[in-house]
Amino acid sequence: MGTEAVTSLAGPSRRNCSSSSRLTTFSGTLNQTKKERHKQEAVTDEQSAGNREAAACSGAELLLVEGQRAPSRESHTSFSVEEGLPPSTPAAAAGTNRPSQGTAKFRMRMSPVFACLALGLALIFGEGSASYQPQSAAASLATDFGVKVFQQVVRASKDRNVVFSPYGVASVLAMLQLTTGGETRQQIQEAMQFKIEEKGMAPAFHRLYKELMGPWNKDEISTADAIFVQRDLELVHGFMPNFFRLFRTTVKQVDFSEVERARFIVNDWVKRHTKGMISDLLGEGAVDQLTRLVLVNALYFNGQWKMPFPESNTHHRLFHKSDGSTISVPMMAQTNKFNYTEFTTPDGRYYDILELPYHGNTLSMLIAAPYEKEVPLSALTSILDAELISQWKGNMTRLTRLLVLPKFSLETEIDLRRPLENLGMTDMFRPSQADFSSFSDQEFLYVSQALQKVKIEVNESGTLASSSTALVVSARMAPEEIIMDRPFLFVVRHNPTGTVLFMGQVMEP
């Protein structure tokens, strides 16, 4: 068995521990059963306050892996969490047995690409909410659709960091439904699995909006939708009052012929609703004189951890990337009681989920990672949906863990066209097929751009995040070409009487 070079990171109040308690021997514990480990954990949790410091040295010591990893600990050091599988988790209930870790630390292998699902996805409502039901249809539908788009995004991004807002993309596509007709609308509805004009659907989303903005959320969260329309565009009769009835948002009229002025108006609205985090959603060239409609959602979140990480525990450590290389990054650390569970993928791969609550108790960040470093993160992202995330939350057990988590700051700009097309929404991007007859029949329109910008910062005190999602609808740039560059037939006809005066074929001009 290989050995590890291990350095302890003890807080200021911790006593010096003997080398025998600081270094964990794995050879005698690899076959320890879950029952034995949980019995040991229970004993640890029942220790008196006077013995907690000693327990921290022997059972909750923070370890930094610097050298060769032992075979029994083949995982990233992004997370270092003690002991093993709670007795009541789905994996345990299924009778599966992942390799025992003994008293060794339980570690998650995590990249920021997955932690950022918290933005708009892991909205876990708890005691602070008086009326909201976590399993509401609106929340599940919005999350399911947003996660489908996220899966397409990360599939194309491969091993690059991604931060994404499922809620944001669901909001703008719901608004887009109302502007489209025919096959274009049907494709959007089939991808989203709901019709925004269905009885009760729009009110359900409005209740979800009010819940997100409710005063019981001690953490700051705000979201807003906007529709910017070309000032002189003739809209279908009744569109504006119908739009307001469903989305409680008035139509904002702008003149896109004044390109820079119009771009400033949209960007300024986004900047105000994201508290300055996103100031340039629409870059140069994003709108032009053919732009007729811009649909926008803005989402802002500022949450403080219920259990902040002590800044004195933050140190640079090695983060193990998916390609096998390592990078030194600042890692936060704390020992506390966390909600934790373990699941298996359909093909039997173990993965672990830990919850970090924000101080208002209505929102939390769920962090998940495969147990084995050889398992790619795509094993988890490919199976995600709202029901699975709810199952994570519903099967958690509160246990003492030592968590080591990277600080990170990410910014992502995503072109949503290909992900949306992969989900079947193709017609809206094609000038010759897009149907916006529910919005305006004055000219032919199509979606010329679909984009999302997201920023997130995670540090010792909490999370600051914001996103903005936009769909730009334009008139056709030019009439469709009909080029007679092959043999053709011609007919000269007197239309009032239908008399054909001449006709012929041209085989070679």
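Because the structure is a prediction, the values reported are computed rather than measured.

### Structural notes on the pairing of strand E14 (residues 445-458)
Then, number 1: Extensive coverage of E14 is indicated by the burial of ten of its 14 residues.
Then, number 2: Examined bridge by bridge, E14 and strand E15 (residues 462-475) share 13 bridges and lie antiparallel to one another. Each bridged residue has a counterpart across the sheet, and for Ala450 the counterpart in E15 is Leu471.
Then, number 3: Linking E14 to E15, which pair antiparallel, is a turn of three residues.

### Examining the sheet that holds strand E6 (residues 251-254)
Then, number 1: One open sheet holds the six strands; their spatial order is E6-E5-E7-E15-E14-E13, and the pairing between them is mixed. On the outer flanks of this sheet lie E6 and strand E13 (408-415), each paired with one strand and no other. Strand-to-strand, the axes of this sheet are offset by a mean angle of 15°, without reference to chain direction.

### Description of the environment of Arg292
Then, number 1: As for its position among the elements, Arg292 is in strand E7 (residues 291-304).
Then, number 2: Since its relative accessible area comes to 12%, Arg292 is described here as buried.
Then, number 3: Along the sequence, Arg292 and Val229 sit 63 residues apart, while their C-alpha atoms lie 5.8 Å from each other.
Then, number 4: Discounting residues that sit within four places of it in the chain, Arg292 has contacts with Phe228, Val229, Gln230, Leu233, Phe256, Glu443, Leu445, Val473, Ser474 and Ala475.

### Re the side chain of Asp427
Then, number 1: If you trace the backbone, Asp427 turns up in the loop between helix H14 (417-422) and E14.
Then, number 2: Comment: no salt bridge for buried Asp427; closest opposite-charge side chain is Arg430, at 4.5 Å.
Then, number 3: Apart from residues lying up to four places away in sequence, Asp427 is in contact with Glu183, Thr184, Gln187, Gln433 and Ala434.

### A look at the environment of Leu208
Then, number 1: With respect to the element layout, Leu208 can be found in helix H9 (residues 201-212).
Then, number 2: Take Leu208: its relative accessible area is 5%, and that puts it in the buried class.
Then, number 3: Separated by 72 residues in sequence, Leu208 and Ser136 place their C-alpha atoms 8.5 Å apart.

### Re the packing of helix H7 (residues 166-179) against helix H10 (residues 239-247)
Then, number 1: Interaxial distance between H7 and H10 falls to 11 Å at its minimum, and their mutual angle equals 150°. Viewed along their axes, H7 and H10 adopt a mutual orientation that is roughly antiparallel. Like other packed secondary-structure pairs, H7 and H10 cross with a definite hand, here right-handed. Packed against H7, whose contacting residues are Ala174, Met175, Leu178 and Thr179, the element H10 presents Phe239, Asn242, Phe243, Leu246 and Phe247 at the interface.

### Side note on the packing of aromatic side chains
Then, number 1: One pass over the full model with this rule turns up eleven aromatic pairs.
Then, number 2: Judged by centre distance (6.1 Å) and plane angle (35°), the rings of Phe343 and Tyr351 are tilted.
Then, number 3: Classification of Phe343 by relative accessible area gives buried; the value is 6%.
Then, number 4: Relative to Trp392, the ring of Tyr351 lies with its centre 6.0 Å away and its plane at 65°, an arrangement referred to as edge-to-face. Taken together, the residues Tyr351 in strand E10 (residues 350-357) and Trp392 in helix H13 (residues 386-394) connect sequence positions 41 residues apart.

### With respect to the side chain of Glu421
Then, number 1: Structurally, Glu421 is set in helix H14.
Then, number 2: Exposure remark for Glu421: the relative accessible area of 18% places this residue in the buried category.
Then, number 3: Ignoring sequence-local partners within four residues, the contact set of Glu421 consists of Thr426 and Phe429.

### Concerning the confidence of the model for the chain
Then, number 1: Chain-level pLDDT for the chain is 75 on average; 71% of the residues reach the 70-or-more range.
Then, number 2: Counted against residues more than four places away or in other chains, residues 92-97, with its pLDDT under 50, gives nine contacts.

### Comments concerning the nonpolar core
Where a protein is soluble and globular, its nonpolar side chains tend to be buried together.
Then, number 1: Ranked by size, the top nonpolar core spans 94 residues in total, and within it Phe145, Leu173, Leu176, Leu356, Trp392 and Leu420 carry the most contacts.
Then, number 2: Sort the elements by how many residues they give to this core and helix H6 (residues 137-157) lands first, with ten residues.
Then, number 3: Beyond its immediate chain neighbours, meaning those up to four positions away, Leu420 contacts Phe145, Val149, Leu173, Met425, Met428, Phe429 and Ala450.
Then, number 4: With 20 residues, the next largest nonpolar core counts Ala262, Ala286, Ala470 and Val472 among its residues.

### Some details on unusual backbone geometry
Then, number 1: Of note in this structure, Gln193 is not a glycine but carries a positive phi near 65°.
Then, number 2: Along the polypeptide, Gln193 turns up in the loop between helix H8 (182-192) and H9.

### Comments concerning the pairing of E7
Then, number 1: Of all 14 residues that make up E7, twelve are buried, and the element is covered over most of its length.
Then, number 2: Note that strand E5 (residues 220-230) and E7 share ten bridges and pair antiparallel. Residue pairing for E7: Ala226 is matched across the bridge by Val296.
Then, number 3: Summarising the sheet, E7 and E15 pair through 13 bridges and their orientation is antiparallel. Bridge pairing in E15 links Leu299 to Ser467.

### A short note on helix H11 (residues 259-273)
Then, number 1: The first and last C-alpha atoms of H11 sit 22 Å apart over 15 residues, in line with the 21 Å expected at 1.5 Å per residue.
Then, number 2: Along H11, the residues classified as buried are Ala262, Arg263, Val266, Asn267, Trp269 and Val270. What you see down the axis of H11 is that its buried residues fit within an arc of 150°, all on one side.
Then, number 3: Among the structural elements, E5, E6, E7 and E15 are those in contact with the buried residues of H11.
Then, number 4: Looking one or two residues beyond H11, the residue adopting positive phi is Lys275, at roughly 55°.

### Details of the pattern of salt bridges
Then, number 1: Applying the stated criterion across every chain, the model contains 13 salt bridges.
Then, number 2: One salt bridge in this structure joins Glu460 and Lys407, with 3.5 Å as the shortest N-O distance. Residue Glu460 is found in the loop between E14 and E15, and its partner Lys407 is found in the loop between strand E12 (397-406) and E13; the two are separated by 53 residues along the sequence.
Then, number 3: Residue Glu460 is classed as buried on the basis of its relative accessible area of 8%.

Scoring rules and cut-offs
Along each chain, residues carry numbers from 1 onward, in the same order as the chain's sequence is written. Per-residue local features are limited, in this predicted model, to residues with pLDDT of at least 70; the limit for side-chain atom pairs, both in listing and counting, is 80 or more; totals at the level of whole chains, interfaces and linings are taken over all residues. To obtain the side-chain values, all non-hydrogen atoms of the structure were included, while hydrogens and water were left out. Only protein chains enter the accessibility calculation, which uses a 1.4 Å probe; a residue is then buried when its area is under 20% of its type maximum, exposed when over 50%, and partly exposed in between. Segments assigned H or I by DSSP are reported as helices when at least four residues long, segments assigned E as strands when at least two residues long, and all are numbered from the N terminus. DSSP-based pairing: two strands are paired if at least 2 bridges between them are found. Inter-axis angles, ranging from 0 to 180 degrees, are taken between N-to-C directions of lines fitted to C-alpha atoms, where helices are fitted over the stretch in contact. The contact criterion used is simple: two residues touch if any of their non-hydrogen atoms lie within 4.5 Å. Counting rule for charge: Lys and Arg are taken as positive, Asp and Glu as negative, and neither His nor the chain ends is counted. The term salt bridge refers to a side-chain nitrogen of Lys or Arg lying within 4 Å of a carboxyl oxygen of Asp or Glu. What sets the label is the angle itself: under 35 degrees gives roughly parallel, over 145 gives roughly antiparallel, 65 to 115 gives roughly perpendicular, and the rest give oblique. Here is the rule for handedness: rotate from the far helix to the near one, and if that takes an anticlockwise turn smaller than a right angle the crossing is left-handed, while a clockwise turn gives right-handed. Think of it this way: a Phe, Tyr or Trp ring, Trp meaning its six-membered ring, pairs with another when their centres are within 6.5 Å, and the plane angle makes it stacked under 30 degrees, edge-to-face over 60, tilted otherwise. pLDDT: the predictor's confidence for each residue, scored from 0 to 100. Throughout this description, the term nonpolar core refers to a set of buried Ala, Val, Leu, Ile, Met, Phe, Trp, Tyr and Cys residues connected via side-chain atoms within 4.5 Å. In this scheme, a helix's expected span is set at 1.5 Å multiplied by one less than its residue total. Directions from the helix axis toward the C-beta atoms define the arc.

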